[in-house]
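Breakdown of the fold
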Amino acid sequence: MELNEDLGALFENVDNQPNDERPKVFIETYGCQMNVNDSEVIASILHANGYAIINKLDDADVILINTCSIRENAETRVWGRLDVFKQIKKRKPSVLVGVVGCMAERLKENLIEEQKIVDLVVGPDAYRELPVLIRAAEDGQKGINVLLSREETYGDISPVRLDKNGVSAFVSIMRGCNNMCAYCVVPYVRGGERSRDPKTILREVQELIDAGYREVTLLGQNVDSYHWKHEGLLHHVHYTNFSDLLEMVATLSPNLRVRFSTSHPKDLNDEVLYTMAMYENICNHIHLPVQSGSTRILELMNRGYDRDYYMKRINAIRNIIPDCAISSDFITGFCTETEEDHTQTLTLMEWAKFDFAYMFKYSERPNTKAARSYTDDVAEEVKSRRLTEIIELQGKLSEESKKRDIGKSFEVLIEGESKKSKEEFFGRTSQNKVVVFPRKNHKIGDYVLVEITDCTPATLLGKIVEE
Ligand code: SAH
Ligand code: SF4
Ligand code: F3S
């Protein structure tokens, strides 16, 4: 899943300049796409309870920071922002500051004890309580609710879209994770895995289609284990799995692109691949985090597959969906990682020819299996050097992946104006590669056929092919 560690996503708000007396809430979001979508759920809940959502920090009556705990530096960023909010509170003592999301769940009341300016601490499964907790905080009580739930999916809530393009939206299909990868904090801060009722997913996607959206990304920590049990009359039971759900979403409209994230190598099955191959509008891109190329390290990480199994999944993708892009995540310097293990990662990368990757240095998270049972024994400079090596290699692979596209034509969904020029649009291919091209007479949300003429390190360049 894409991560936003360094920058608080500042959204276009729904009520830019509310000229009424509603209290104003500013939401800043860190972390993965699930957190971005959760902020939209929060906005929806608060909106329904008489709050205006704004995008100017200085005008806020309530500041919410939706946080991430995945690595230490994700948390460091948040501490830095809390210092900034402290200054704001000095100028305007009535402002309420709330920490929500994964760091709220991890640190609980310690957050209030350590940071006197924090008025609210709300975990990922307690957002329905926000209006009550904000009211309590207005009366001077510290509001805290970090209960995790076995059922909460916010299924009935239609998130208020905080993005600005009106073209693509996130739809959470499940919450939590049962996987217990040894390094990972997510199961602790997000709770156990639960799937969302497909009826509510289809309703939400239909609402998006009706509002003009052209792309949805179905979100979950492990979408392949999506699972919903329907109990019908006479004890008739049937299940909706991820492949069924994909098909149901894809058939809502041929003009809707369907993406999803994240797939887990141990659970990605051929049924999903055949469904992807069958529907033109299910995008040909799979994010399949491998973490390491060494079987020994994968075992220590408790990933549930080895190098060979992962390679077989890549072969299956290439056989069933020949033009599918594949991206991945890597962790360097996990406990006991040797040069030999690291070399295994490099050779796997070369073999798989990933189109794109997110790469991280291992960061020990308190209370995880790795923190409890292993020693974080790879020296910082070794972690850094290995990270640099895989970043360099991936840079080369990403560039080669783009160069292979030169001369080919792709259907591109126009998502917005290019940052550099108003005369150009940007959009993505089915394979999730960004393309920049002269706009001609088209508009945002259109599908156009684009011939790739060149590329930069980050993007494809092209021109619209008139049909
Ligand atoms: N279920 C998602 C996990 C999201 S976390 C998935 O499997 O993709 C996104 C990525 O962060 C993980 O894939 C992993 O590469 C990285 N990550 C998780 N915990 C980490 C840690 N303790 N240190 C460094 N990177 C970590
Ligand atoms: Fe973390 Fe593993 Fe679950 Fe992903 S699958 S969220 S890495 S425990
Ligand atoms: Fe996502 Fe970070 Fe939480 S990656 S699930 S916001 S710990």
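What this report covers is the structure whose coordinates are included nearby. (Residues numbered from 1 in each chain as written. Chains lettered and ligands numbered in written order. Predicted model: local features only at pLDDT ≥ 70, side-chain atom pairs only at ≥ 80, totals over all residues. Heavy atoms only, no water.)

What follows concerns the side chain of Thr217. Tracing the sequence through the fold places Thr217 in strand β11 (residues 215-219). When neighbours within four sequence positions are excluded, Thr217 is seen to be in contact with Ala169, Phe170, Val171, Arg259, Phe260 and Ser261. (Helix = DSSP H or I, 4+ residues; strand = E, 2+ residues; numbered from the N terminus. Contact = heavy atoms within 4.5 Å.)

Before going further, it helps to spend a moment on the packing of helix α1 (residues 33-48) against helix α5 (residues 130-138). Interhelical geometry of α1 versus α5 gives an angle of 65° and a closest axis separation of 9 Å. Comparing the axis directions of α1 and α5 gives the class roughly perpendicular. Across the interface between the two elements, Ile42, Ile45 and Leu46 of α1 pack against Leu130, Pro131 and Ile134 of α5. Taken together, the residues of the contact of α1 with α5 sort by class into six nonpolar, no polar and no charged. (Axes fitted to C-alpha atoms, helices over the stretch in contact; angles between N-to-C directions. Parallel < 35°, antiparallel > 145°, perpendicular 65-115°, else oblique. Nonpolar A, V, L, I, M, F, W, Y, C, P; charged D, E, K, R; others polar.)

Further remarks concern helix α12 (residues 339-352). Between the first and last C-alpha of α12 there are 20 Å, a value that for 14 residues agrees with the 20 Å anticipated at 1.5 Å per step. Of all the positions in α12, only Asp341, His342, Thr345, Leu346, Leu348, Met349 and Ala352 are classed as buried. Summarising the axial view, the buried residues of α12 lie within an arc of 160°, below the 170-degree limit, and thus occupy one face. On its buried side, α12 packs onto α10 (295-300), α11 (307-320), β16 (325-332) and α14 (380-403). Of the residues trailing α12, Lys353 is marked for its positive phi of about 50°. (Expected span 1.5 Å × (residues − 1). Buried < 20%, exposed > 50% of the residue type's maximum accessible area, 1.4 Å probe, protein only. Arc of directions from axis to C-beta.)

With respect to topology, five strands assemble into a closed barrel ordered β18-β19-β20-β22-β21, the strand pairing being mixed. Each strand axis lies, on average, 50° off the axis of its neighbour in the sheet, ignoring direction. Where strand β18 (residues 409-417) and strand β21 (residues 447-455) come together, five bridges link them in antiparallel fashion. Looking at the pairing, Ser409 lines up with Glu451 of β21. (Pairing = 2+ DSSP bridges.)

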